[in-house]
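The chain contents come next:
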Amino acid sequence: MPRGFLAGHALGFTGGLTPVARGVLAGHALGFTGGLTPVARGVLAGHALGFTGGLTPVARGVLAGHAPGFTGGLTPAPRGFLAGHAPRFKDGPPGAQPEAHGAARIFPPVVRHLYVHIPFCVRRCSYCDFSIAVRKRVPAEEYVDAVLTELTGVANPAAMPRGESEGELETLYLGGGTPSLLPVEALARLLQELQPRLRKGAEVSLEANPEDVTPDAVRAWRAAGVNRVSLGAQSFDDRVLQWMHRSHDAARIGAAVRVLRASGIDNVSLDLIFALPAELNRDWGRDLELACALRPAHCSLYGLTVEPRTPLDRWISRGAVRPSDERRYAEEYLLAHARLAEAGYAFYEVSNAARDGYRSRHNSAYWSGRPYLGLGPAAHSFDGRARRWNIREWEAYARAVADGRSPVESGEVLTDEQRELERIYLALRTAEGLSLATRRRPAPSFAALWVEQGWVVEEGGRLRCTPEGWLRLDGLVAKLFVAKELPS
Ligand code: SF4
């Protein structure tokens, strides 16, 4: 069991704000690669060591996962989360060895959610530590060959022979990196191979940077089957975009949304990053207003986190900027809730808001704990009990696949406690909340205090976080998890 996590938490939760979990979520925004959220990296990890009761951080990655670099499945996030806790595979995850393919494979023959990580970017953004490959020229053919080999190859314990997976996928998520950098011919070839595995009406999402959204590209994406686009907007302030080392300017965001609509893709999501250093004087309220004016179907919000060895980390080390403090983080998070609600969006997850009918079906599968398969470098896969992840670096991944070796780098099997912890965490991330009926005990008495504080509501046999509660998500989860082990 995550001893540290619980320990720290159990003993140190005091109900107040802390800085906590920013990382948890964060990881995602920027580097999620396949699934899950951001969860637990920080939550569990960071927490363990220093939770004192407060703020968590929304989801840089989780959310982001999509934003700047999530790649499909889990992220590295949950890796840390569970890390140290879940037993690691000694010789690779079950089924990771070619000879184990078949009887020992951990994945069911049929998965309904597929994540494909496309790692290429034209440059690295100042805050990003995702698994990316900066390339002026994208090795498109080589990339598609590698992913298709992984999909069907015997070296992959979770290979999906077409006969077994025909028409079974409910969602496909092409994340990165910058998937929109992949030339349209290569994307079409990839989707042509995946198409027979998709159910009618499947959600097919593509992450795109605004500068790649042209009428010709969108027509080709749409013809290939893409029906949802997640745009990395981040801010509508050119000065801020330059500071982030983004490759687009503010004007390109609105232009991209208009091109997508005119070409028949209405299901557009915008990623925005909040909690930037105070020195930037970023006007978050203005950015929210401009985002809402574009009427996207969906918005994902990521709290900026400082990742080691990024330009942002170096700027902070030499005192050029300071990370946002908790107060600012909380104010901006709550302002986003207020503004988006006024504009007709409902937060259905700690970092994600949508207009009616436009929730992300793919990410919702992660948050429901459903199995998913991830393909490509750094992509994560999960079968409900075991999680595994691919080699992170593009060239090493491509070499492994070309040599007929498994691209799986490592994995872990979750214990019952870890699964319970993840279940509580993921449920409380969502607007549906945690069903108390599925817990071994009724809501603990301290939940009444949380209701009084305005952090949760308890109704219909469920515990749901308010926005104030989502700011403290990590702490609430830890307390709940520990509570089930207390004597009644
Ligand atoms: S576009 Fe920027 S934030 Fe997104 S993955 Fe590439 S470098 Fe990272």
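Residues numbered from 1 in each chain as written. Predicted model: local features only at pLDDT ≥ 70, side-chain atom pairs only at ≥ 80, totals over all residues.

### Things to note about the overall build of the chain
For clarity, the cut-off: Strands are runs of DSSP state E lasting at least 2 residues, helices are runs of H or I lasting at least 4, and numbering of each runs from the N terminus. Residue burial is a threshold on neighbouring C-beta atoms within 10 Å of the residue's own C-beta, all placed from the backbone, with 20 or more meaning buried, 12 or fewer meaning exposed, and counts in between meaning partly exposed. Contact between two residues is assigned whenever their backbone-derived C-beta positions fall within 7 Å.
In terms of regular secondary structure, the chain is built from 20 helices and 17 strands. Across the 488 residues that make up the chain, the buried fraction comes to 55%. Partitioning the intrachain contacts of the chain with sequence separation of at least 6 by distance along the chain shows that 79% fall at a separation of at least 24.

### Section: the sheet that holds strand β12 (residues 380-382)
As a reminder of what qualifies: DSSP-based pairing: two strands are paired if at least 2 bridges between them are found. Convention adopted: a line fitted to C-alpha atoms gives each axis, helices being fitted over their contacting stretch, and angles between N-to-C directions are expressed from 0 to 180 degrees.
What the 3 strands build is an open sheet, ordered β12-β13-β14; its pairing is antiparallel. Each having just a single partner strand, β12 and β14 (408-413) make up the two edges of the open sheet. Averaged over all adjacent pairs, the angle separating strand axes in this sheet is 15 degrees, with direction ignored. Taken together, the 3 bridges between β12 and strand β13 (residues 386-390) define a ladder with antiparallel strand orientation. Note on β13: the bridge partner recorded for His380 is Trp389.

### Re the environment of Pro467
Along the chain, Pro467 falls in helix α19 (residues 467-470). For Pro467, a count of 17 C-beta atoms within 10 Å puts it in the partly exposed group. Between the C-alpha atoms of Pro467 and Ala431, which are 36 residues apart in sequence, the distance is 9.9 Å. Discounting residues that sit within four places of it in the chain, Pro467 has contacts with Leu334 and His337.

### Some words on the sheet that holds strand β8 (residues 298-303)
In a beta sheet, neighbouring strands are held together by backbone hydrogen bonds and run either parallel or antiparallel to one another. Strand order in this open sheet of 9 strands is β9-β10-β8-β7-β6-β5-β4-β1-β11, and the pairing throughout is mixed. Edge positions in the sheet fall to β9 (346-349) and β11 (373-375), since each of these pairs with one other strand and no more. Here the average twist between neighbouring strands, direction ignored, is 20 degrees. Bridge count between strand β5 (residues 198-208) and strand β6 (residues 228-234): 4 bridges; the pairing is parallel. From the neighbouring strand, Ala208 faces β6, where its bridge partner is Leu231.

### A look at the pairing of β6
The element β6 is largely enclosed, with a buried count of 7 among its 7 residues. Bridge analysis of β6 against strand β7 (residues 268-274) gives 5 bridges, and the strand direction is parallel. Across the sheet, the residue bridging to Gln234 is Leu272, located in β7.

### Observations concerning the confidence of the model for the chain
Under the convention used in this document: Each residue gets a pLDDT score, which is the predictor's confidence in that residue and runs from 0 to 100.
Put simply, the chain has an average pLDDT of 79, and 73% of its residues get 70 or more. Note on residues 1-106: pLDDT is under 50 here. Beyond four places in sequence and across chains, it has 413 contacts.

### Notes on the packing of helix α17 (residues 416-429) against helix α20 (residues 473-483)
Quick note on the threshold: Roughly parallel means an angle under 35 degrees; roughly antiparallel, over 145; roughly perpendicular, 65 to 115; everything else is oblique. Each helix crossing is assigned a hand: it is left-handed if the near helix lies turned anticlockwise from the far helix by less than a right angle, otherwise right-handed if that turn is clockwise. By the convention adopted, Pro, Cys, Tyr, Trp, Phe, Met, Ile, Leu, Val and Ala count as nonpolar, Lys, Arg, Asp and Glu as charged, and the other residues, Gly among them, as polar.
The interhelical angle for the contact between α17 and α20, taken along N-to-C directions, is 140 degrees, at an axis separation of 10 Å. Judged by the angle between their axes, α17 and α20 are oblique. For the crossing formed where α17 meets α20, the hand is right-handed. Here Glu420, Leu421, Ile424, Tyr425, Leu428 and Arg429 of α17 come into contact with α20, specifically with Leu473, Leu476, Val477, Leu480 and Phe481. Looking at the contact of α17 with α20 residue by residue, the class counts come to 9 nonpolar, no polar and 2 charged.

### Some thoughts on the nonpolar core
To keep things clear, this is the line we draw: When buried Ala, Val, Leu, Ile, Met, Phe, Trp, Tyr and Cys residues are joined through C-beta atoms within 7 Å, the set is termed a nonpolar core.
Ranked by internal contacts, the top residues of the largest apolar core, which has 113 residues, are Leu172, Ile424, Leu428 and Val477. In this structure, Leu172 is in contact with Leu114, Leu194, Leu198, Ala202 and Val204, ignoring residues within four places of it in sequence.

### Some points on the pairing of β5
Selection rule: Whether a crossover is right-handed depends on one test, that the path from the first strand over the helix to the second runs clockwise when the strands point away from the viewer.
Where burial is concerned, most of β5 is hidden: 8 out of the 11 residues are buried. Pairing geometry for strand β4 (residues 169-176) and β5, over 5 bridges, is parallel. Paired with Thr171 across the two strands is Glu203, which belongs to β5. Taking the sense of rotation as the criterion, the β-α-β connection linking β4, helix α8 (residues 184-194) and β5 turns out right-handed.

### A few points about unusual backbone geometry
Backbone geometry follows two general trends: most residues other than glycine have a negative phi, and most peptide bonds adopt the trans configuration. Going from Gly176 to Gly177, the amide bond is cis rather than trans, its omega being 25 degrees. Tracing the chain through its elements places Gly177 in the loop between β4 and α8. Positive phi is not limited to glycine here, since Arg295 has a value of about 55 degrees. In this fold, Arg295 is placed in the loop between α12 (284-293) and β8. In this structure, Arg309 takes a positive phi of about 65 degrees despite not being glycine. Here Arg309 is to be found in the loop between β8 and α13 (311-317). Its 8 C-beta neighbours within 10 Å are what place Arg309 among the exposed residues.

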